[in-house]
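An overview of the molecular structure
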Amino acid sequence: MTLRLGTFNVWGLPEIFGLGDDVTSRTREIARRLRHSDLDVLMIQEAWTEAVRNTLRAGARLAGFEVAEDPEASGGLMTLSRVPVRAVRFEGFAFRGDPERIGQGEFLGGKGFQTLEIETEAGWVSLVNTHLHARYRKARPRLNSAVRVAQLLQIVRYLAETPGTVILGGDFNCSLGDMEYEVFEGLSGAIELGGGTRHPTLSSANYYKRHRTSEDKRIDFLFVRPATGVEWQAKDARLLFAESAEIREITRSLSDHFGFRSELDLVASPFPPSDAKIAHPPSQRALALARDLLAVGDAETDRRFSTHMESALAFVGLAAVSCGAQRVPAVDRRRFLRGGLGAVAWLCVAPAVGYGALAHFDSRKKRGAFAEARFVLVQLESAALSAAQGVNSSA
């Protein structure tokens, strides 16, 4: 059987980012074009607002799609399917970005991955839709990779626990050649459907990226992790929703990304689905690279803890000095000076508490995220060792 698959970051930002009219117009055009789409499955990212989701939901249903969403949380993800769907779930990433960097939106957005199952002629197939961290420290690419590795390892854990064939898609915010991409391929057994570098979804040909000076690249992908014995073939890989539209009297793109699509032929496996759990031993190079990157994340977490704690103590010290100065007797001291020192003391309390909370709670969450990621590596190695021992004993 053939599945026509697509992934598209619709850039459906909240109006506070100053793109309200633009977002509304683009989303309506995307919803309209769904009626002319031949896709069986479309994975959507950055459908952040209820207005965007309502528009896409209505357009999808008119086009004959079922809309898969988790009512409790979304992370901006939606999956549209013309084949039956079941078992929809959303899992948030343990690493969520820096809470003080509100403008980046990574902490508040609550990114993660959506899982579901679709019914095909070859049986039920699992599907993963995701959107990884966009940027953490622009000038520190290894730290960006460390963050995305921690997130990808959550998905790798899901794959290790999920029998049968799994299709993955979304905005990975990395490209072929990046360290996190190598880690994911080496640990997941997933294979990219479009040749990696072809069909750039970040491109200066896009209206919203027309001033882009760096090389065009693809960061939106479709992967398949085939079950043992499953025969598959990818074909007709190309850009999706790359055509422009008249939006507010200007010819614009439908998003700041182009989408990506591919067809996937699947033939039912004669082997039991549980074999998929031992069919893809992890790459030793990928394991070593993942450990190195997670160590980079740990070091950054420790640095943030120290920096925030020092800032908290500095404000506590300033508040103490202000309170002390307020009580020192002086013949010519005026009442407003005492009041001013008291105000300074109180003004120091808020940042002291804020930095202290960042040092304690945020650092603890980040340490936990990287610790969970390292535990996944241990589980992968243990499973591979057990599988190898089982093969040797049977031989």
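Thresholds, definitions, all that
Residues numbered from 1 in each chain as written. Predicted model: local features only at pLDDT ≥ 70, side-chain atom pairs only at ≥ 80, totals over all residues. Heavy atoms only, no water. Helix = DSSP H or I, 4+ residues; strand = E, 2+ residues; numbered from the N terminus. Buried < 20%, exposed > 50% of the residue type's maximum accessible area, 1.4 Å probe, protein only. Areas by Shrake-Rupley, 256 points an atom, 1.4 Å probe, with all protein chains shown as cover. Polar contact = N/O pair within 3.5 Å; in protein donor to acceptor, adjacent residues only side chain to side chain. Contact = heavy atoms within 4.5 Å. Salt bridge = Lys/Arg side-chain N within 4 Å of Asp/Glu carboxyl O. Pairing = 2+ DSSP bridges. Axes fitted to C-alpha atoms, helices over the stretch in contact; angles between N-to-C directions. Core = buried A, V, L, I, M, F, W, Y, C linked by side-chain atoms within 4.5 Å. Phe/Tyr/Trp six-rings, centres within 6.5 Å; stacked < 30°, edge-to-face > 60°. pLDDT = per-residue confidence, 0-100.

Take the overall build of the protein chain next. Secondary structure assignment for the protein chain yields 7 helices and 14 strands. Looking at the 395 residues of the protein chain, the share that counts as buried comes to 48%. Of the roughly 18,300 Å² of accessible surface on the protein chain, a fraction of 56% belongs to carbon and sulfur atoms.

Before going further, it helps to spend a moment on the side chain of Thr 165. Positionally, Thr 165 belongs in the loop between helix 4 (141-161) and strand 8 (166-171). At 3.2 Å, the side chain of Thr 165 forms a polar contact with the backbone nitrogen of Ala 227.

Time to look at the environment of Leu 34. Mapped onto the secondary structure, Leu 34 falls in helix 1 (residues 20-34). Considering only alpha carbons, one finds Leu 34 and Phe 65, 31 residues apart in sequence, at a separation of 8.9 Å. Once residues within four sequence positions are removed from consideration, Leu 34 is found in contact with Leu 42, Leu 56, Gly 59, Ala 60, Ala 63, Phe 65, Leu 80, Arg 82 and Phe 241.

Following the criterion strictly, the structure yields 26 salt bridges and no others. Between Asp 265 and Lys 235 there is a salt bridge, with the nearest N and O atoms lying 3.2 Å from each other. Of this pair, Asp 265 sits in strand 14 (residues 259-267) while Lys 235 sits in strand 11 (residues 231-240), placing them 30 residues apart in sequence. Salt bridges here are not isolated pairs; linked through shared partners, they connect Arg 4, Asp 38, Asp 40 and Arg 261.

This part takes up the sheet that holds strand 5 (residues 85-92). Taken in spatial order, the 6 strands make up an open sheet running 5-6-7-8-10-9, and their pairing is mixed. A strand with exactly one partner marks an edge of an open sheet, and here the two such strands are strand 5 and strand 9 (191-192). The pairing of strand 6 (residues 112-120) with strand 7 (residues 123-131) spans 8 bridges and is antiparallel. Looking across to strand 7, one finds that Thr 115 is bridged to Val 128. The strands that helix 5 (residues 179-188) touches are strand 8, strand 9 and strand 10 (220-225); relative to strand 10, the one it contacts most, it runs at about 15 degrees.

Core analysis: the biggest nonpolar cluster contains 40 residues, and Leu 153, Ile 155, Leu 168, Phe 184 and Leu 187 have the highest contact counts within it. Broken down by secondary-structure element, the contributors of at least two residues to this core are helix 4, strand 8, helix 5, strand 10, helix 6 (284-326) and helix 7 (335-394). When residues in this core are grouped by element, the largest group, 11 residues, is from helix 4. Setting aside residues no more than four positions away along its own chain, Leu 168 makes contact with Met 43, Val 128, Ile 155, Leu 159, Phe 184, Ala 190, Phe 221, Leu 222, Phe 223 and Arg 225. Ranked by size, the runner-up nonpolar core spans 22 residues in total, among them Phe 8, Val 10, Met 78 and Leu 80.

Here we have 6 strands laid out as an open sheet, ordered 3-4-2-1-14-11, and mixed in their pairing. Every interior strand has two partners, whereas the edge strands, strand 3 (66-68) and strand 11, have only one. Pairwise comparison of adjacent strand axes, ignoring direction, gives a mean angle of 20 degrees for this sheet. One ladder, built from 6 bridges, connects strand 1 (residues 2-12) with strand 2 (residues 41-47); its direction is parallel. Looking at the pairing, Phe 8 lines up with Ile 44 of strand 2.

Turning next to the environment of Tyr 158. Inspection of the secondary structure assignment puts Tyr 158 in helix 4. Residues Tyr 158 and Thr 115, spaced 43 residues apart in sequence, show a C-alpha to C-alpha distance of 9.2 Å. Residues in contact with Tyr 158, not counting those within four places in the same chain, are Arg 89, Phe 113, Thr 115, Ser 126, Val 128 and Val 166.

What follows covers helix 5. Along helix 5, 7 of the 10 residues are buried, which leaves the element largely enclosed by surrounding structure. Within helix 5, burial applies to Glu 180, Tyr 181, Val 183, Phe 184, Gly 186, Leu 187 and Ser 188. Where helix 5 ends, the next residue or the one after it, Gly 189, has phi of about 75 degrees, a positive value.

Turning next to the packing of aromatic side chains. Under the definition given, this model contains 13 aromatic pairs. Between Phe 93 and Phe 113 the ring centres are 6.1 Å apart and the planes differ by 40 degrees, which places this aromatic pair in the tilted class. Here Phe 93 is found in the loop between strand 5 and helix 3 (106-109), whereas its partner Phe 113 is found in strand 6, with 20 residues between them in sequence. With respect to burial, Phe 93 and Phe 113 carry one shared label: buried. Seen from their ring centres, Phe 221 and Phe 223 are 5.8 Å apart, and the 45 degrees between their planes marks the pair as tilted. This pair shows no difference in class: Phe 221 is buried, exactly as Phe 223 is. These aromatic residues form a ring-pair network of at least three members: Phe 172, Tyr 181, Phe 184, Phe 221 and Phe 223.

Looking now at the confidence of the model for the protein chain. Looking at the protein chain as a whole, the pLDDT averages 84, with 77% of positions reaching at least 70. Every residue in residues 344-349 scores below 50 in pLDDT, and together they form 7 contacts with partners more than four places removed in sequence or on other chains.

Quick look at unusual backbone geometry now. Notably, Trp 11 is not glycine yet its phi reads approximately 55 degrees, a positive angle. As for its position among the elements, Trp 11 is in strand 1. Phi at Asp 236 takes a positive value of approximately 55 degrees, unusual for a residue other than glycine. Note on placement: Asp 236 falls in strand 11. Of the residues examined, Asp 236 reaches a relative accessible area of 36% and is grouped as partly exposed.

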